[in-house]
Amino acid sequence: MSCSEAERLFVAGAPHAAQRAHAASCPACAAAFRDHEEVAGLTSFLRPPAWSPGLRQALARVPALTVSCEGADALIARMLEGEIDDSERARLDFHRSRCGACAEAAETLLGIRALTAPVPAPWFTGRMAASVRPRATRAARSGWRAFIGPKTAIALAYAAAFVVMILGFNPADMARRARTDLPAEARSVVAGAGTTLADRVGAVEERILRTALVVRSRVFGYGRAALTNAVQLVLKSEAPAPSGRPRNGSEKGTPPKNETAITTWRA
Amino acid sequence: MSGANNDKDLVERCRQGQDEAWRELVDRFGQKVYSVAYHFTLKREDAEELSQEIFLKIFENLHRYEGTFPLVAWVVSISRNLCIDRYRRLKREKSFRFVSDEAVAPLLTSSDDPAALALRKERTRMLFSALSEIPEDLAEILVLRDLDGLAYEEIGQALELPEGTVKSRLFRARAEVARRIRERHDSRAQGTPLAVVAAAFA
């Protein structure tokens, strides 16, 4: 037989008289209530143990022994600057010995100074010098260079060359001619030679002939290629597939009806 | 000033490094912390060492107190966590197997009647022996309530338990302790020479 009414009454904070009354009427709860009362009585005559004056003094000295976590942050920052005295260092060290988080933070921050300078890559110096050089020349530019940058000058040069080409002058030919060093007698012959009408007609005729040759060769070439392709297409063409699937196994091996004609045509 | 504001103000003054505020905090909670520590260790040296550890922890974590519940509950919570660790170690080391007279003497008031004092000593030793045998979640509630005199509300705040759970555990803890004491008493009665002789001739 079990009854938890005594516990329920106790948890609900029922008056002691009500708990006692239930225990008197319920055999199941009587023993539990009696145990409850007896153990409570066991502790009734006990007194709290007295703490010694020495302990009180030791507890009062706690702030001189350690620092709080928030105080440790400030001390670590000051320690990096070398601004803490011995007593503060002792308090911080004591706290670091007890607090893993603060010890980790202090070790990390103090370890910054132990880091060595990174060794630059071999190409680093050259690349840095290259990146610095244009600035130096830009600062030293004078005259029209002060107003027009290198990129702008290049763009203008290309534009001028394009305009000259549009106007009918080939800068490459002009440069080649300028570099051509003719002998003096040849130069006089060239200078003395006049451009007659017959020369001009002959030049036009020669150009027409050359153009006709090119066109004829292209026409023949394209025509021959087209004809070859057409013949190959015809030769490679297959007979149309049979219209339906074979209905039984006997028809599977038989060739299409027009295959013989195609073979003959190919031959 | 209300209790919560008073607690918050005291903690704030301690954080600012005011020595008199820290001494006030020590005077307010030193006895209670030592009492909790002693009931979990039953040794004066261990209790004093544990009390210092608890107050070091309190000082280092003052910035964590937000004032949402009474300072005593926060102090007891820190005390309980450290005491439970020590208690588990002692239980592993079987240090609670035998509770000496010296261990319970500081808990007893002096009496002119030596027989009554001896009886109280014996009962107290049996109480602590039984406490060491029951589950620790029940034992700690009984210690905090019956030995340290904390209110149900304070225990609930310290252990983060509803008040009903605290009462329910206390009821079960008392029942468990009573059962252990009864079993120990019965076994001792059967173990006496007279009982052995009687059993032999039965």
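Structure: see above.
The residue numbering used here restarts from 1 in each chain and proceeds along that chain's sequence as written. Going through the entries in the order they are written, you letter the chains from A and number the ligands from 1. Predicted model: local features are reported for residues with pLDDT of at least 70 only, side-chain atom pairs are reported and counted for 80 or more only, and whole-chain, interface and lining totals are derived from all residues. As a convention, hydrogens and water are excluded, and side-chain values are obtained from all of the structure's heavy atoms.

A. View of the overall build of chain A. Looking only at helices and strands, chain A has 14 helices and zero strands in total. What counts as a helix is a DSSP run of H or I of at least four residues, what counts as a strand is a run of E of at least two, and both are numbered from the N terminus. For chain A, the succession of helices and strands along the chain, N to C, is α-α-α-α-α-α-α-α-α-α-α-α-α-α. Partly exposed residues are those whose accessible area sits between 20% and 50% of the maximum for their type, while under 20% is buried and over 50% is exposed, using a 1.4 Å probe and protein chains only. The buried share of chain A, reckoned over its 267 residues, is 16%. At a minimum sequence separation of 6, the contacts of chain A that also span at least 24 residues come to 44%. Accessibility throughout is a Shrake-Rupley quantity obtained with a 1.4 Å probe, and a residue counts as covered only by protein chains that appear here. In the structure as shown, chain A presents an accessible area of about 20,500 Å², 62% of it carried by carbon and sulfur atoms. Here a residue-residue contact requires only that any non-hydrogen atoms of the pair lie within 4.5 Å.

B. Structural context of the environment of D93 of chain A. If you trace the backbone, D93 of chain A turns up in helix α7 (residues 86–98). A relative accessible area of 36% means that D93 of chain A is categorised as partly exposed.

C. Region of interest: the side chain of H36 of chain A. For H36 of chain A, the position within the fold is in helix α3 (residues 27–42). Here H36 of chain A falls in the buried class, since its relative accessible area comes to 3%. Leaving out residues up to four positions away in the same chain, H36 of chain A has contacts with F10 of chain A together with F171 and R174 of chain B.

D. Quick look at the packing of helix α7 (residues 136–147) of chain B against helix α8 (residues 152–159) of chain B. All names here are of chain B. To get an axis, fit a line to the C-alpha atoms, keeping to the stretch in contact for a helix; angles then go from 0 to 180 degrees between the N-to-C directions. Where α7 contacts α8, the two axes come as close as 10 Å, and the packing angle between them is 140°. With respect to their mutual orientation, α7 and α8 come out oblique. By crossing handedness, the relation of α7 to α8 is classed as right-handed. Here α7 contributes E140, I141, L144 and R145 to the contact with α8, which in turn contributes Y152, I155 and L159. Orientation is classified from the angle alone, with under 35 degrees giving roughly parallel, over 145 giving roughly antiparallel, 65 to 115 giving roughly perpendicular, and any other angle giving oblique. If you view the pair so one helix is near and one far, a crossing is left-handed when the near helix is turned anticlockwise from the far one by less than a right angle, and right-handed when it is turned clockwise.

E. Spatial organisation of the packing of aromatic side chains. The aromatic pairing rule takes the rings of Phe, Tyr and Trp, using the six-membered ring of Trp, and pairs them if the centres are within 6.5 Å, calling planes under 30 degrees apart stacked, those over 60 edge-to-face and the rest tilted. Under the defined criterion, the tally for this structure stands at six aromatic pairs over all chains. Look at F10 of chain A and F171 of chain B: their rings are 5.7 Å apart centre to centre, the planes differ by 40°, and that puts the pair in the tilted class. Within this pair, whereas F10 of chain A is found in helix α1 (residues 5–11), its partner F171 of chain B is found in helix α9 (residues 163–191), the two belonging to separate chains. A relative accessible area of 9% means that F10 of chain A is categorised as buried. Chaining the aromatic ring pairs together yields one cluster made of W22, F55 and F59 of chain B. The rule is short: NZ of Lys or CZ of Arg within 6 Å of the ring centre and within 35 degrees of the ring normal puts a charge over the ring. Directly above the ring of W123 of chain A sits R127 of chain A, whose terminal nitrogen or CZ lies 4.7 Å from the centroid.

F. Quick peek at the interface of chain A and chain B. The interface is formed by 35 residues belonging to chain A together with 46 residues belonging to chain B. Note on terms: buried area is the combined drop in 1.4 Å-probe accessible area of two parts once they are placed together, counting the loss on both. Carbon and sulfur atoms supply 66% of the area buried between chain A and chain B, which totals about 3,900 Å² over both sides. Looking only at chain A, the three residues that lose the most surface to chain B are F45, P49 and R98 of chain A, adding up to 16% of its buried area. The term salt bridge refers to a side-chain nitrogen of Lys or Arg lying within 4 Å of a carboxyl oxygen of Asp or Glu. In this structure, the connection of chain A to chain B is made through five salt bridges. The residue R56 of chain A makes a salt bridge to D27 of chain B at a minimum N-O spacing of 2.7 Å. N or O atoms within 3.5 Å of each other form a polar contact, as long as, within protein, one can give a hydrogen and the other can take it, and as long as residues adjacent in sequence are counted only when both atoms are side-chain atoms. Counting across the interface, chain A meets chain B through 18 residue pairs in polar contact (both at pLDDT 80 or more). When contributions to the side of chain A that touches chain B are tallied by element, the ones reaching two or more residues are α1, α3, α4 (53–60), α5 (62–65), α6 (69–80) and α7 of chain A. The dominant element in the side of chain A that touches chain B, judged by the number of residues it contributes, is α3 of chain A, at six residues. Polarity classes work like this: nonpolar for Ala, Val, Leu, Ile, Met, Phe, Trp, Tyr, Cys and Pro, charged for Asp, Glu, Lys and Arg, and polar for all others, with Gly in that last group. Of the residues assigned to the side of chain A that touches chain B, the class counts are 22 nonpolar, seven polar and six charged.

G. Quick look at helix α6 (residues 114–133) of chain B. Residue and element names in this part refer to chain B. In this model, α6 (20 residues) spans 29 Å end to end at C-alpha, consistent with the 28 Å of a helix rising 1.5 Å per residue. T124, M126, L127, F128, S129, A130, L131 and S132 are the residues of α6 that are buried. Backbone nitrogen of A115 and a side-chain oxygen of the N-cap are separated by 3.2 Å at the start of α6; the cap is D113. The span you would expect from a helix comes to 1.5 Å times its residue count less one.

H. Region of the structure containing the nonpolar core. Counting residues in each nonpolar core, the largest one holds 76 residues, and the members touching the most others are W22, L25, F55, I58, L71, L131 and V177 of chain B. At 11 residues, the largest contribution of residues to this core is made by helix α2 (residues 19–41) of chain B. Among all residues touching L71 of chain B, those that are not within four sequence positions of it are D7, L10, V11, L25, F29 and Y65 of chain B. By nonpolar core is meant a set of buried Ala, Val, Leu, Ile, Met, Phe, Trp, Tyr and Cys residues that side-chain atoms within 4.5 Å join together. V67, L75, I84 and C99 of chain A belong to the second-largest nonpolar core, a separate cluster that totals 11 residues.

I. Region of the structure containing a nonpolar patch on the surface. A grouping of F162, V163, I166, L167 and F169 of chain A is seen on the molecular surface, where their side chains present a nonpolar patch of about 560 Å² in accessible area. Tracing the chain through its elements places F169 of chain A in the loop between α10 (150–166) and α11 (171–179). Patch definition: residues with relative accessible area over 30% and no salt bridge; like charges joined within 9 Å; nonpolar side chains (Val, Leu, Ile, Met, Phe, Trp, Tyr) joined within 5 Å.

J. Representation of the environment of A139 of chain B in the model. Residue and element names in this part refer to chain B. Examined against the element boundaries, A139 turns out to sit in helix α7. What makes A139 buried here is its relative accessible area of 3%. With near-sequence residues (within four places) excluded, A139 lies in contact with Y87, L131 and I134.

K. A look at helix α2 (residues 16–25) of chain A. Residues and elements named next belong to chain A. By the burial criterion, the buried members of α2 are Q19, H22 and A23. Each buried residue of α2 lies within a common arc of 100° when the element is viewed along its axis, so the set occupies one face. Exposed positions of α2 whose direction lies more than 90 degrees from the buried face are A17, A24 and S25. Among the structural elements, α1 and α3 are those in contact with the buried residues of α2. Summarising the geometry, the arc corresponds to the directions from the helix axis toward the C-beta atoms.

L. Examining the state of the cysteines more closely. All names here are of chain A. Our working definition of a disulfide is a cysteine sulfur pair at a distance within 2.5 Å. For the structure shown, the criterion picks out zero disulfides over all chains. Free of any disulfide, C69 has its nearest neighbouring cysteine sulfur in C99, separated by 3.9 Å. The class for C69 is buried, based on a relative accessible area of 13%.

M. Representation of the pattern of salt bridges. Residues and elements named next belong to chain B. What the rule picks out here adds up to 27 salt bridges over all chains. A salt bridge links R180 to E176; the nearest nitrogen and oxygen atoms lie 3.3 Å apart. With R180 and E176 both in helix α9 and four residues apart, this pair spans about one turn of that helix. Residue classification places E176 among the partly exposed positions, given a relative accessible area of 21%. Note that E183 and R179 form a salt bridge whose closest N and O atoms lie 2.8 Å from each other. Taken together, the residues E183 and R179, both in helix α9 and four residues apart, mark about one turn of the helix. A relative accessible area of 33% places R179 in the partly exposed class. Several salt bridges converge on common partners, so that one network encompasses E133, E176, R179, R180, E183 and R184.

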